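So the chains spell out like this:
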Amino acid sequence: MLLAKICGLTETIHIEKCIEYGASMCGFILFYPKSHRNITIQKADELTSVKNAKSNVAVMVEPSKSDLEKIRDLNFHYYQIYGDQDPAEINEIKRKNSVKIIKALTIETEKDVLKYKKYQDVSNVILFDSIGKEKSLSFDHSLLKDVSKNVIKMIAGNIQIQDLEKVSKIADIVDVSGAVETEKKKDLNKIKEFLLKVKEINEQN
């Protein structure tokens, strides 16, 4: 079964649409002003308090101890973390903040993929993303062919609705942001169509 995470949410109405059409996770960009999807702590507090919200994910690049302290009491179920942290540091973040961890790896080569082995014991999910971060670039998904079946795999990186059939054969979770936007704003119809396609694929399998 393919699960879906809609990332870069900035408005309550977007979250309500995600919940209505079955997204499993809602992602929020924090401490990353390069992204047009970045939100404030105050906004994060508001958005993670939406009724019936699914698993809320704080998406962060190299978060500092001060950053983590600022969101410690917010309603986040997962921290999605980019960077070259030591596995022990990731484990400490997980323990101290009582959250699940999505360790994000940016992929160009097979060598990048193999980094998952470092983190698989301290992460609940491994995210394989492109090097684009806020730019929504793609990467070669065939590089993931030898990743252990014991790893819960999330894939991101410019995934479009027409890619979902292929993605469903390699990933447990699809992570999407740009594909459900129009002119850098979340598009309610695109969120609906994307999630309905995920549902259709699951019903066929």
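Residues numbered from 1 in each chain as written. Predicted model: local features only at pLDDT ≥ 70, side-chain atom pairs only at ≥ 80, totals over all residues. Heavy atoms only, no water.

Caption draft 1: View of the layout of surface pockets. The volume enclosed by the largest pocket comes to roughly 240 Å³. If you go around the largest pocket, the residues you meet are P63, S64, K65, L68, E69, E89, E92, I93, K96 and N97. Counting only elements with at least two residues in the lining of the largest pocket, the list comes to α3 (65-71) and α4 (87-97). The greatest single-element share of the lining of the largest pocket, amounting to 5 residues, is contributed by α4. The residue makeup of the lining of the largest pocket, split by class, is 3 nonpolar, 2 polar and 5 charged. Estimated volume of the second largest pocket: approximately 180 Å³. Lining the second largest pocket are 14 residues; nearest its centre among them are G83, D84, A104, T106 and K115. (1 Å grid on protein atoms, 1.4 Å probe; cavity = no way out; pocket = protein on both sides within 12 Å on 5 of 7 lines; lining within 4 Å. Points joined across faces, edges and corners; volume = space filled by probe spheres on them. Helix = DSSP H or I, 4+ residues; strand = E, 2+ residues; numbered from the N terminus. Nonpolar A, V, L, I, M, F, W, Y, C, P; charged D, E, K, R; others polar.)

Caption draft 2: Just helix α1 (residues 12-20), in detail. Taken as a whole, α1 has its buried residues at H14, I15, K17, C18 and I19. Elements that come into contact with the buried residues of α1 comprise β1 (3-6), β2 (25-30), α2 (41-47), β11 (185-186) and α8 (188-204). Note on α1: the residue one or two positions beyond its end, G22, has a positive phi of about 90°. (Buried < 20%, exposed > 50% of the residue type's maximum accessible area, 1.4 Å probe, protein only. Contact = heavy atoms within 4.5 Å.)

Caption draft 3: Spatial organisation of the side chain of H14. With respect to the helices and strands, H14 occurs in helix α1. Using a relative accessible area of 7% as the deciding quantity, one classes H14 as buried.

Caption draft 4: Up close: a negative patch on the surface. Together, E62, D84, D86 and E89 make up a region of like negative charge exposed at the surface. As for its placement among the helices and strands, D86 is situated in the loop between β5 (78-82) and α4. With relative accessibility at 45%, the residue D86 sits in the partly exposed group. (Patch = residues over 30% accessible without salt bridge, like charges linked within 9 Å, V, L, I, M, F, W, Y side chains within 5 Å. Areas by Shrake-Rupley, 256 points an atom, 1.4 Å probe, with all protein chains shown as cover. Salt bridge = Lys/Arg side-chain N within 4 Å of Asp/Glu carboxyl O. Lys, Arg positive; Asp, Glu negative; His and termini not counted. Charge placed at Lys NZ, Arg CZ, Asp CG, Glu CD.)

Caption draft 5: Local environment of the pairing of β2. Here β2 lies mainly inside the structure; 6 of its 6 residues are buried. Burial along β2 is two-sided: M25, G27 and I29 and C26, F28 and L30, pointing in opposite directions, are all buried. One ladder, built from 2 bridges, connects β1 with β2; its direction is parallel. Bridge pairing links I6 to C26 in β2. Where the polypeptide runs from β1 across α1 and back to β2, its parallel neighbour, the crossover connection is right-handed. Across 2 bridges, the pairing between β2 and strand β3 (residues 38-39) is parallel. Each bridged residue has a counterpart across the sheet, and for L30 the counterpart in β3 is I39. (Pairing = 2+ DSSP bridges. Right-handed = clockwise from strand over helix to strand, strands pointing away.)

So far we have only geometry, and geometry alone does not tell us how the molecule works.
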